[in-house]
Amino acid sequence: MAVSLGLPVKPREGLLHRLVAAERLCDPSFPLPEPSSRWQTLEGGGIWCVEYHPFSGLIFAGLWGPGHPDMPDHIKCWDAHTGEFCGSLYGHFFDVKCLRACGRLLYSGSYDGTARSWDVSSMTMHRIYVADSPVQAVEATNTRLFVGSENGCIKAWDTSDEWVDRPAAASR
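These figures come from a predicted structure and were not determined experimentally.

Rules and cut-offs
The numbers attached to residues start from 1 for each chain and follow its sequence in the written order. Residue-level local features of this predicted model are given only where pLDDT is at least 70; pairs of side-chain atoms are given and counted only at 80 or more, and the full residue set underlies all totals for whole chains, interfaces and linings. Excluded from the side-chain calculations are hydrogens and water; all other atoms, namely the structure's heavy atoms, are used. Strands here are runs of E lasting at least two residues and helices are runs of H or I lasting at least four, both read from the DSSP assignment and numbered beginning at the N terminus. Exposed residues in this analysis have more than 50% of their type's maximum accessible area, buried residues have under 20%, and partly exposed residues fall in between, with area computed by a 1.4 Å probe over protein chains only. We call two residues in contact whenever any of their non-hydrogen atoms come within 4.5 Å of each other. For the area figures, the Shrake-Rupley method with a 1.4 Å probe applies, and any residue is considered shielded solely by the protein chains shown. Criterion used throughout: strands pair if DSSP finds at least two bridges between them.

*Asks:* Would you mind going over the overall build of the protein with me for this structure?
*Replies:* Within the protein one finds 1 helix and 11 strands. Across the protein, helices and strands are ordered from the amino to the carboxyl terminus as α-β-β-β-β-β-β-β-β-β-β-β. A total of 172 residues make up the protein; the buried ones form 42% of that total. Considering only contacts within the protein whose residues lie at least 6 apart along the sequence, 36% involve residues at least 24 apart. Total accessible area on the protein stands at roughly 9800 Å², and carbon and sulfur atoms take up 56% of it.

So, in structure tokens, the structure goes:
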């Protein structure tokens, strides 16, 4: 069942503004840059997905490129509080279809048949996971990565050795 949220945005504002508005509904202290601000990729292609990373306060966008070998598909990043562009994550060879934040990591899935984990603090790739076909969805917990592929399969990996935030063990 789908639920429609009445988000406080102007009709001409794009997906990124609606997602930021949704984040603000969950966190009233979430500062939004000027309401008329726009974050753009500034090159060919477009955005498939957007993910807010609460650990870092960054917004990531998964892109599809213009199909030029010198411009690989990648992930762009902006500071959610200021709107300032922070950089790009390169590694995928085709469309970046999905993103998921978990702890200090960002997970991405691509039409190239891989999912990847990224260390958000250093903006570098951490690990590559090979799926059975183009990746359509990723979901992560503190100990597992689930990847849904175009062929209808879901693969799971143990990520307990990844750099995610976990509650400290109870001391006796």
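*Asks:* Looking at this structure, how should I read the pairing of strand E2 (residues 58-64)?
*Replies:* The side chains of a regular strand alternate between both faces of the sheet. Most of E2 sits out of view: 6 of its 7 residues are buried. As defined by bridge partners, strand E1 (residues 46-53) adjoins E2 across 7 bridges and the pair is classed as antiparallel. Across the sheet, Tyr52 pairs through a bridge with Ile59, a residue of E2. Here E1 folds back onto E2, and the loop between the two strands holds 4 residues, one of which, Gly57, carries a positive phi near 75 degrees.

Read these as spatial facts, not as claims about activity.
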